[in-house]
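Each chain, letter by letter, is given below.
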Amino acid sequence: MNNYNKRIGILYILGAAFGFAMMGLFVRLAGELPTFEKVFSRNFVAAVVAFVMLIKNGYRWQNIGRKNWILLLLRSSCGFVGVICNFYAIDHMNIADASILNKLSPFFAILLSFIILQEKPVIMDIFTTVVAFIGAIFVVKPSADFAFLVAMIGVLGGFMAGVAYALVRKMTGGGVTGMFIVFFFSAFSSICCIPLMAINFITPSPTQFAMLIGSGFSAMIGQICITKAYTYAPAKEISVYDYTQVIYSALLGFIFVGQIPDVLSLLGYIIIISMAVVKWVYNNKKVPD
């Protein structure tokens, strides 16, 4: 593989991780606004930008096919629930904790790919997934209080993201471009948010509105960068660098919100990220360039 392309791919995925970390910070700084307003802002900006890019590139979606439309609806529904869970977790727990729980999605995707894609996991996949979930226990900290419920909502967000990831792989294998998937998901989520926002709409202050716009643009930067990253290098080569989002989130949370992860959470981060690294090393040895 061309080392120059790999380096460019790594730079893009580091940019994506920072973009998504900034999104989480902006969501938290938007304050006591309903989660659905925050989700709408994140997805509406992404939908507009993705639509413009599709039009600019002359993309035609008339021949997607009925099966892919069904998969698009399913992926968008799961992704919508996943974003709601992730944003709710960001609002009610440490930003870095919410980030690492969302990063369980690749491990959930391993399990779900067996069902959705009929891909049989190897022993290393099973081992890293089990150990990663053990690491998640240190972050979740099982108990009978509200914090545990919030953490489980964060885990559900990671699960839904894993479902969405597996479905995206199935659709891209069926000829649907990544940018159209981004547009459809973002537009779908925005439309779904409108009646939910109307139930308890709170007019944001100018500062809150700026934070909402910031979350939308940060998410779109992250989405564009991660799409670009995988055009330069395959996922098996660079996906592990996406976990730098947890480091960015921890630093941003400390600087702007005064959050400091506790020892158990840090241990959970180390276990989960270590398993991602182990799986990355294994995949690169297993499949030579």
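Not measured: the values here are computed from a predicted model.

## A look at the packing of helix α3 (residues 66-92) against helix α7 (residues 146-173)
Thinking step 1. Where α3 contacts α7, the two axes come as close as 7 Å, and the packing angle between them is 155°. With respect to their mutual orientation, α3 and α7 come out roughly antiparallel. Regarding α3 and α7, the two cross each other, and that crossing is left-handed.

## Topic: the environment of Ile-271
Thinking step 1. The topology assignment puts Ile-271 in helix α12 (residues 263-286).
Thinking step 2. A residue is classified by how much of its surface remains accessible, and Ile-271, at 18% relative accessible area, is buried.

## Here's the deal with the pattern of salt bridges
Should the charged atoms of two oppositely charged side chains come close, the side chains can pair.
Thinking step 1. Summed over all chains, the structure comprises four salt bridges.
Thinking step 2. Close ionic contact of Lys-38 with Asp-91 constitutes a salt bridge, the shortest N to O distance being 2.7 Å. Of the two residues, Lys-38 is situated in helix α2 (residues 35-56) and Asp-91 in helix α3; the sequence distance between them amounts to 53 residues.
Thinking step 3. Between Asp-125 and Lys-279 there is a salt bridge, with the nearest N and O atoms lying 3.7 Å from each other. Taken together, the residues Asp-125 in helix α6 (residues 123-140) and Lys-279 in helix α12 connect sequence positions 154 residues apart. By the burial criterion, Asp-125 is buried, and Lys-279 matches it.

## Observations concerning the packing of aromatic side chains
Thinking step 1. This model, assessed by the stated rule, comprises twelve aromatic pairs.
Thinking step 2. Consider the rings of Trp-69 and Phe-180, whose centres lie 5.8 Å apart with planes at 85°: the pair is edge-to-face. In this pair, Trp-69 is assigned in helix α3 and Phe-180 in helix α8 (residues 178-199), connecting sequence segments 111 residues apart.
Thinking step 3. One aromatic cluster in this structure is built from Phe-51, Trp-69, Phe-180, Phe-183, Phe-184 and Phe-188.
Thinking step 4. Across from the ring centre of Phe-185, 4.3 Å away, lies the NZ or CZ of Arg-75, which sits over that ring.

## A short note on the side chain of Asp-97
Thinking step 1. The residue Asp-97 is located in helix α4 (residues 95-102) in this model.
Thinking step 2. For the buried Asp-97, no salt bridge exists, and the shortest N-O distance to an oppositely charged side chain is 4.3 Å, to Lys-141.
Thinking step 3. Apart from residues no more than four positions distant in its own chain, Asp-97 is found in contact with Val-139, Lys-141, Ser-265 and Tyr-269.

## A word on a nonpolar patch on the surface
Thinking step 1. Side chains of Leu-29, Ile-247, Leu-251, Phe-254, Ile-255, Phe-256, Val-257 and Ile-260 sit close together on the surface and give an oily, nonpolar patch of about 790 Å² of accessible area.
Thinking step 2. Ranked by residues supplied to the nonpolar patch, first place goes to helix α11 (residues 244-257) with six residues.
Thinking step 3. Summarising the element assignment, Phe-254 is placed in helix α11.
Thinking step 4. Relative accessible area serves as the criterion here: at 48%, Phe-254 is assigned to the partly exposed category.

## Examining the nonpolar core
Thinking step 1. Formed by 74 residues in total, the largest nonpolar core has its most connected members in Leu-101, Phe-107 and Phe-180.
Thinking step 2. Of the residues forming this core, the biggest block, eleven residues, is contributed by α8.
Thinking step 3. Excluding residues within four positions of it along the chain, Phe-180 makes contact with Leu-54, Tyr-59, Trp-61, Ile-64, Trp-69 and Leu-72.
Thinking step 4. Counting residues in each nonpolar core, the second largest holds eight residues, with Ile-10, Ile-13, Ile-226 and Ile-238 among its members.

## Observations concerning α2
Thinking step 1. Helix length check: α2, at 22 residues, gives a terminal C-alpha distance of 32 Å against a target of 32 Å (1.5 Å per residue), a fit within 8%.
Thinking step 2. Trailing α2 by a residue or two, Gly-58 shows a phi angle of about 65°, which is positive.

## Structural notes on the packing of helix α1 (residues 3-29) against α11
Thinking step 1. Running from N to C, α1 and α11 point in directions that differ by 35°, and their axes come no closer than 8 Å. Note on packing geometry: the crossing formed by α1 with α11 is right-handed. Residues Leu-14, Ala-17, Phe-18, Phe-20, Ala-21, Met-22, Leu-25, Arg-28 and Leu-29 of α1 lie in contact with α11, whose contacting residues are Thr-244, Gln-245, Tyr-248, Ser-249, Leu-252, Phe-256 and Val-257.
Thinking step 2. Here the residues of the contact of α1 with α11 sort into twelve nonpolar, three polar and one charged.

## Topic: the side chain of Thr-244
Thinking step 1. Mapped onto the elements of the fold, Thr-244 is located in helix α11.
Thinking step 2. The exposure class assigned to Thr-244 is buried, which follows from its relative accessible area of 18%.
Thinking step 3. A polar contact is formed between the side chain of Thr-244 and the backbone oxygen of Tyr-241, at a distance of 2.7 Å.
Thinking step 4. With residues near it in sequence (within four places) discarded, Thr-244 still touches Leu-14 and Ala-17.

Definitions and limits used
Residues numbered from 1 in each chain as written. Predicted model: local features only at pLDDT ≥ 70, side-chain atom pairs only at ≥ 80, totals over all residues. Heavy atoms only, no water. Axes fitted to C-alpha atoms, helices over the stretch in contact; angles between N-to-C directions. Helix = DSSP H or I, 4+ residues; strand = E, 2+ residues; numbered from the N terminus. Parallel < 35°, antiparallel > 145°, perpendicular 65-115°, else oblique. Left-handed = near helix turned anticlockwise from the far one by under 90°. Buried < 20%, exposed > 50% of the residue type's maximum accessible area, 1.4 Å probe, protein only. Salt bridge = Lys/Arg side-chain N within 4 Å of Asp/Glu carboxyl O. Phe/Tyr/Trp six-rings, centres within 6.5 Å; stacked < 30°, edge-to-face > 60°. Lys NZ or Arg CZ within 6 Å of the ring centre and 35° of its normal. Lys, Arg positive; Asp, Glu negative; His and termini not counted. Contact = heavy atoms within 4.5 Å. Patch = residues over 30% accessible without salt bridge, like charges linked within 9 Å, V, L, I, M, F, W, Y side chains within 5 Å. Areas by Shrake-Rupley, 256 points an atom, 1.4 Å probe, with all protein chains shown as cover. Core = buried A, V, L, I, M, F, W, Y, C linked by side-chain atoms within 4.5 Å. Expected span 1.5 Å × (residues − 1). Nonpolar A, V, L, I, M, F, W, Y, C, P; charged D, E, K, R; others polar. Polar contact = N/O pair within 3.5 Å; in protein donor to acceptor, adjacent residues only side chain to side chain.

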